[in-house]
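# Structural characterization, general
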Amino acid sequence: MKKLRVLLVDDEIMIREGFKRLFDWKAHDCEVVGEAADGMEALSQIDALHPDIVIMDINIPIMNGLKVISLSRIKHPQIAFVIVSGYDDFSYCREALRLQITDYILKPVNYEEFGSCIDNLKISLFEQRVSAAEESEKQEERTITGITRYLQEHLAEDLSLSVLAEEFHLNPQYISQLFKNEIGVNFLSYLTNIRMERAKKLLLSTSLSVAEVAEKSGYGDYRVFTKVFKKSEGITPSQYRRDFLEETGTGSN
């Protein structure tokens, strides 16, 4: 998988230097290709560099980050934007969601959490490429596209490299390398990510118990599920559902 090109946008040079020096971009198959200190410079750099990812502050001179994203979407709809801001304001978050940003991270940045964000983003970018790709049925059955489709369709079942190897008549090590080469993350990281996405969707759109959500997401033991969910999202499944209900005003009074 080619390195993802990253543009850093923040009016504070120390913040940009921190991202460059304190985060191991190489380990995440990324490279910083440019910087910008204000909104107009950001638009110019986006046009010139065609980055895959833009790390964007909201409160920047001349034109704020949300406006930059809105204008950039017109010409560069494929770019992934990650907002890194000191503003924990719902109106900003709501506008960011409308603009379909990848993530909203608060300063000061926790670089371990930021690394998880980048890995999830890589998975998302890969899924977008898969959706746009036109491949034959036969080819899909023996490529990473077919494997990831199989995982989505059998997510509640026991899944492992051995199971995939038997299903697709391939070597487990070969499949493992496919995930690293084509998606940029290992098999377990990918499987955990799509299981967490399934779990979050079920928590917010159904009244299933946490144990039932765990089972439908591929976890026979809800205690293991809760532990994995909290590590991924920072809160328990119950709290995740409760926060959503309170925020949307759909919880019980």
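Cut-offs used in this document
- Residues numbered from 1 in each chain as written.
- Predicted model: local features only at pLDDT ≥ 70, side-chain atom pairs only at ≥ 80, totals over all residues.
- Heavy atoms only, no water.
- Helix = DSSP H or I, 4+ residues; strand = E, 2+ residues; numbered from the N terminus.
- Buried < 20%, exposed > 50% of the residue type's maximum accessible area, 1.4 Å probe, protein only.
- Contact = heavy atoms within 4.5 Å.
- Core = buried A, V, L, I, M, F, W, Y, C linked by side-chain atoms within 4.5 Å.
- Axes fitted to C-alpha atoms, helices over the stretch in contact; angles between N-to-C directions.
- Parallel < 35°, antiparallel > 145°, perpendicular 65-115°, else oblique.
- Left-handed = near helix turned anticlockwise from the far one by under 90°.
- Nonpolar A, V, L, I, M, F, W, Y, C, P; charged D, E, K, R; others polar.
- Phe/Tyr/Trp six-rings, centres within 6.5 Å; stacked < 30°, edge-to-face > 60°.
- Lys NZ or Arg CZ within 6 Å of the ring centre and 35° of its normal.

Turning to the environment of cysteine 30, a few remarks are in order. In this structure, cysteine 30 sits in strand E2 (residues 30–36). The exposure class of cysteine 30 is buried, given its relative accessible area of 3%. C-alpha of cysteine 30 to C-alpha of leucine 4: the two residues are 26 residues apart in sequence and 4.5 Å apart in space. When near neighbours in sequence (up to four residues on either side) are disregarded, cysteine 30 contacts Lys3, Leu4, Val6, Trp25, Ile53 and Ile118.

With an omega dihedral of -5°, the bond running from lysine 107 to proline 108 counts as a cis peptide bond. Looking at the secondary structure, you find proline 108 in the loop between strand E5 (103–106) and helix H5 (111–132). The backbone of aspartate 29 sits at a positive phi, close to 60°, despite the residue not being glycine. Note that aspartate 29 resides in the loop between helix H1 (13–22) and E2. Not every positive phi belongs to a glycine, and isoleucine 62 is a case in point at roughly 70°. In this fold, isoleucine 62 is placed in the loop between strand E3 (53–56) and helix H3 (65–75).

Okay, the nonpolar core next. Counting residues in hydrophobic clusters, the biggest one holds 22 residues, and the most contacted among them are Ile147, Leu151, Leu164, Phe179, Ile183 and Tyr190. Elements that contribute at least two residues to this core include exactly H5, helix H7 (144–153), helix H8 (161–168), helix H9 (172–183) and helix H10 (187–205). Every residue in contact with leucine 151, bar those within four places of it in the chain, is listed here: Leu159, Leu164, Phe179, Phe187, Tyr190, Leu191 and Ile194. Core analysis: the next-biggest nonpolar cluster, separate from the first, contains 20 residues, Ala36, Ile60, Leu66 and Ile83 among them.

As a further point, take the packing of H7 against H10. As a packed pair, H7 and H10 sit with axes 11 Å apart at the nearest point and diverge in direction by 40°. In terms of orientation, H7 and H10 fall into the oblique class. Like other packed secondary-structure pairs, H7 and H10 cross with a definite hand, here right-handed. Counted together, Thr148, Leu151 and Gln152 of H7 and Phe187, Tyr190, Leu191, Ile194 and Arg198 of H10 form the full contact between these two elements. For the contact of H7 with H10, the class distribution of residues is five nonpolar, two polar and one charged.

Counting across every chain of the model gives eleven aromatic pairs. Centroid distance phenylalanine 23 to tryptophan 25: 4.7 Å. Interplanar angle 80°. Geometry classified as edge-to-face. Neither phenylalanine 23 nor tryptophan 25 differs from the other in exposure class; each is buried. Measuring from centroid to centroid gives 5.6 Å for tyrosine 219 and phenylalanine 225, while their planes differ by 50°, and the two rings are tilted. Accessibility assignment for this pair places tyrosine 219 and phenylalanine 225 in one class, buried. Put simply, the rings of Phe19, Phe23, Trp25, Tyr111 and Phe114 pair up and form one aromatic cluster. Positioned above the aromatic ring of tyrosine 219, the side-chain terminus of arginine 195 is 5.5 Å from the ring centre.

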